[in-house]
Amino acid sequence: DTAVSQTPKYLVTQMGNDKSIKCEQNLGHDTMYWYKQDSKKFLKIMFSYNNKELIINETVPNRFSPKSPDKAHLNLHINSLELGDSAVYFCASSQGKPIYGYTFGSGTRLTVV
Amino acid sequence: AQTVTQSQPEMSVQEAETVTLSCTYDTSESNYYLFWYKQPPSRQMILVIRQEAYKQQNATENRFSVNFQKAAKSFSLKISDSQLGDTAMYFCAFMRSSGAGSYQLTFGKGTKLSVIP
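Presented here is a report on the structure given in the accompanying data block. As the structure is a computational prediction, the values presented were derived from the model and not from experiment. (Residues numbered from 1 in each chain as written. Chains lettered and ligands numbered in written order. Predicted model: local features only at pLDDT ≥ 70, side-chain atom pairs only at ≥ 80, totals over all residues. Heavy atoms only, no water.)

1. Focus: the pattern of salt bridges
Let me state the cut-off plainly: Basic side-chain nitrogens of Lys or Arg form a salt bridge, by our definition, when they fall within 4 Å of a carboxyl oxygen of Asp or Glu. The secondary structure listing takes helices from DSSP runs of H or I that are at least 4 residues long and strands from runs of E that are at least 2 residues long, numbered from the N terminus. The rule is simple: take the accessible area with a 1.4 Å probe, protein chains only, and divide by the maximum for that residue type; under 20% is buried, over 50% is exposed, in between is partly exposed.
Evaluation of the coordinates by the stated rule reveals six salt bridges over all chains. Across the pair D26 of chain B and K73 of chain B runs a salt bridge, and its minimum N-O distance is 3.8 Å. One end of the pair, D26 of chain B, is in strand β4 (residues 24-26); the other, K73 of chain B, is in the loop between β8 (64-69) and β9 (74-79), and 47 residues separate them in sequence. Its relative accessible area of 43% is what places D26 of chain B among the partly exposed residues. Where salt bridges share partners, they join R63, E82 and D85 of chain A into one cluster.

Here is the structure:
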């Protein structure tokens, strides 16, 4: 009955590899997001999708490509991983009323070695 | 651009005491929303309390309350009767519309709160 689920929870990979993180929400929300939390715990938005349409695309290297096959899923693919990509990546979703804020997934800790 | 400032990187409080976490923000928008999120060591982001900018009344949720000063752009969080389970990072966040049903949350850098037995 998990509301926003991300897989995997942990990912360790070598520089130069390509990896994907998957996110699914069963809340019926129209909008989904990816946030990056760096080593100092700072959270910064990367992308948002509303009903499969890209809405927000912050200054993120184009090695990062989000894909939303339907409004319940938002995946993040990362090409040619670099050491600086090591972080915790959070998926979140929101419904039409902003006062409810976001519902977050439990995060994916990506470590690039 | 919106900015959110949390001036206290770390704080500590004795169990059962009260603590206040500070947050200020900068915006030219008139309609927005403010939140406090808690992130315990488990890493999960948990919504603690929310406030609509056009509502004068300060929000409360059990032991958590806010002091919202719109003119001063201040949104502090008060935790009463602190419990060991309150130990976490606390993030203040500002939300505005980004269009097309999307709402962007901008976070402060967080305050690490430790509750001491």
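2. Topic: the state of the cysteines
Residue and element names in this part refer to chain A. Going by this rule: The definition used for a disulfide is geometric: two cysteine sulfur atoms within 2.5 Å.
Within the structure shown, the criterion is met by two disulfides over all chains. Residue C23 pairs covalently with C91 via a disulfide, S to S 1.9 Å. Between C23 and C91 the disulfide shows an S-S torsion of about -75°. By sign, it is left-handed. Of this pair, C23 sits in strand β3 (residues 19-25) while C91 sits in strand β9 (residues 87-94); the two residues are 68 residues apart in sequence, bridging distant segments of the chain. Overall, the relative accessible area of 0% leaves C91 in the buried class.

3. Brief notes about the environment of K41 of chain A
Residues and elements named next belong to chain A. Within the secondary structure, K41 is located in the loop between β4 (31-37) and β5 (43-50). The class for K41 is partly exposed, based on a relative accessible area of 34%. Considering only alpha carbons, one finds K41 and V88, 47 residues apart in sequence, at a separation of 8.8 Å.

4. Quick word on the sheet that holds strand β8 (residues 73-78) of chain A
Residue and element names in this part refer to chain A. Rule in force here: Strand pairing follows a simple DSSP-based rule, namely that at least 2 bridges must link the two strands. Axis angles are defined between N-to-C directions and span 0 to 180 degrees, where every axis is a line fitted to C-alpha atoms and, for a helix, only to the segment in contact.
As summarised here, the arrangement of the four strands in space is β1-β3-β8-β7, forming an open sheet in which the pairing is antiparallel. Looking along the sheet, the strands with just one partner apiece sit at the ends: β1 (4-7) and β7 (64-70). Recorded for the sheet is a direction-independent mean angle of 20° between the axes of neighbouring strands. Examined bridge by bridge, β3 and β8 share four bridges and lie antiparallel to one another.

5. A short note on the nonpolar core
The condition that has to hold: Here, nonpolar core means buried Ala, Val, Leu, Ile, Met, Phe, Trp, Tyr and Cys residues that are tied together by side-chain atoms lying within 4.5 Å of each other. We call two residues in contact whenever any of their non-hydrogen atoms come within 4.5 Å of each other.
In this structure, Y25, W36, I49, F75, L77 and Y90 of chain B are the most contacted members of the largest nonpolar core, which totals 25 residues. Only β3 (19-21), β5 (33-39), β6 (46-52), β8, β9, β10 (88-99) and β12 (111-116) of chain B provide two or more residues apiece to this core. In terms of residue count, the dominant contributor to this core is β10 of chain B (four residues). The contact partners of L77 of chain B, leaving out residues within four places of it in the chain, are V19, T20, L21, W36, I49, F64, S65, V66 and Y90 of chain B. Formed by 22 residues, the second largest nonpolar core is a distinct cluster that contains I99 of chain A together with F91, A93 and F107 of chain B.

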